Amino acid sequence: MNTVPLTVVAYQRDIHEPAYLRFIEKVMGAEECEHRRRVLASMHERMPLRDRAPLRHVILDGERVAGSLGYLPAEFLIDGTRVPVRFTHDLLVDPDYRGQGLAKLVVDNARALGDFFPGGMWMTDPCYKIHLACGFDDAPVLTTYTLALDPSSFIAQKELSSVKRVLAKAALSSTRLRTLARANRAVARAGDTVAEVARFDPSHDAAWQQLAATYAVTLARDAAFLNWRYFDHPNLKYRAVIAARDGGVTGYMVWRPSNQGEKRAVIPDFLVAKGDVATFERLLAQVIVEGSAAKCSSLSILTSQPWAERSLRTFGFYPRGARNTWVVAGWRGHISEATFNDLAAWHVVLGDSDGDIWSHAR
Ligand SMILES: CC(C)(COP(=O)(O)OP(=O)(O)OC[C@H]1O[C@@H](n2cnc3c(N)ncnc32)[C@H](O)[C@@H]1OP(=O)(O)O)[C@@H](O)C(=O)NCCC(=O)NCCS
């Protein structure tokens, strides 16, 4: 452990922001710091539940920030009841201080708060190990599925021998043709029951709550959260489609086309009633057609639902080999052991926790 008198302090923006931004600029560079400054401002000024301080802890060495851990306040719907939670995210230690136990110090400090921490989810290996060492529990493995929309460009990103390259391209090209034909047919059949929206409308909040409550555990979504998280993101442009039936909404899917310099597209969020394959596929087909038209090389989605995984495979999505880490603390007393270990009880998506919130066009 370090011998320096370091203190873990709840972050107060008006006091700590200058030192915190100096820390980010030193560790991540000026350009990344500028992107992050905008995202941080959106968290402190516009994020729903932002009053649930602290939004981060910083480790101070005198005036200097040596490390930090952030929290994203959210609400989970557990068997239909709202439960306050906080995602831990954005663990960072200044290289000058690494290997002295600072990361453990700040994660231990969070753990000691006793909150329900359903995260983080997108961790580096050291970060994952640190969370486990600090008493977070390993939740079931999550899998990301990817569809190659532009086989040549998709394969160019992989390290393959020339023979494998040719074979993979032929296989992916025929899958893509079949998938696109199917998606186009589904879009034509769906007609105006699936539509792109510019923002989420609060008049649908009750419907989103009802759909979310079909899962034992999931994030509570409403227009305020979804608009902040996606449409008001300072660096990224998201799109969303909504499905309707008999005058009511039956689901939505949020996706992000390629950025300048990045050809992958992602689906960070979707919501349909548990097992509503028909709505899921109508939304997915629309995103596949749009993603292909937008010249995205691939489309990735994460789901914890077996019926959605089966559907994705029929569209030609492949599971990613590497595991997505997912660690949870403070869940006992809120959910049973059986539910915790039953992946199908959870509705988890790529945008949970901080998802791709820090991404930006390069
Ligand atoms: C990951 C990071 C936060 C660790 O900070 P740190 O203060 O050096 O970590 P600690 O000294 O508290 O180490 C805690 C444990 O993690 C291990 N660890 C730390 N960095 C590691 C690394 N790069 N590789 C493997 N293990 C590592 C330590 O060995 C220690 O384990 P031990 O107690 O069994 O010896 C820091 O390296 C960092 O800021 N990295 C870049 C940002 C990042 O990856 N953040 C996570 C985003 S999800």
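Residues numbered from 1 in each chain as written. Predicted model: local features only at pLDDT ≥ 70, side-chain atom pairs only at ≥ 80, totals over all residues.

### Remarks on the domain arrangement of the chain
Here the chain is partitioned into domain 1 (7-138) and domain 2 (143-322). With 15 residues of domain 1 in contact, the opposing surface of domain 2 contributes 13 residues. Residue assignment for the side of domain 1 that touches domain 2 shows that the elements contributing at least two residues are helix 2 (30-45) and strand 3 (64-78). The leading source of residues in the side of domain 1 that touches domain 2 is strand 3, at five residues. Residue composition of the side of domain 1 that touches domain 2, by class: seven nonpolar, three polar and five charged. (Domains from an automatic or database assignment. Contact = placed C-beta atoms within 7 Å. Helix = DSSP H or I, 4+ residues; strand = E, 2+ residues; numbered from the N terminus. Nonpolar A, V, L, I, M, F, W, Y, C, P; charged D, E, K, R; others polar.)

### Re the packing of helix 9 (residues 277-293) against helix 10 (residues 306-314)
Helices that pack against each other are described as a pair by the angle of their axes relative to one another and the distance between those axes. Taken N-terminus to C-terminus, the directions of helix 9 and helix 10 make an angle of 45 degrees; their axes are 10 Å apart at the nearest point. By the angle class used here, helix 9 and helix 10 are oblique. Helix 10 is crossed by helix 9, and the crossing has right-handed handedness. Residues V277, F280 and E281 of helix 9 form the contact with helix 10, whose own contacting residues are W307, A308 and S311. (Axes fitted to C-alpha atoms, helices over the stretch in contact; angles between N-to-C directions. Parallel < 35°, antiparallel > 145°, perpendicular 65-115°, else oblique. Left-handed = near helix turned anticlockwise from the far one by under 90°.)

### Focus on the site of the ligand
The environment of the ligand is formed by 16 residues, the closest being R98, L102, A103, P126 and C127. When residues in the shell around the ligand are grouped by element, the largest group, four residues, is from helix 4 (residues 125-133). Per-class residue counts for the shell around the ligand are nine nonpolar, four polar and three charged. (Near = placed C-beta within 6 Å.)

### As for helix 7 (residues 205-212)
Among all positions of helix 7, only W208, L211 and A212 are buried. Along the long axis of helix 7, the arc covered by the buried residues comes to 100 degrees, so they all point the same way. Buried residues along helix 7 sit in contact with strand 3, strand 8 (217-219), strand 10 (248-256) and strand 11 (264-272). (Buried ≥ 20, exposed ≤ 12 C-beta atoms within 10 Å, placed from the backbone. Arc of directions from axis to C-beta.)

### Notes on the nonpolar core
By size, the foremost hydrophobic cluster in this structure holds 97 residues, and its most contacted members are M253, I267, F270, L283, V287 and L299. Here this core takes nine residues from strand 3, the largest share from any one element. Dropping the residues within four chain positions of it, L299 is found in contact with T146, L147, L149, A265, I267, V287, I288 and G291. (Core = buried A, V, L, I, M, F, W, Y, C linked by C-beta atoms within 7 Å.)

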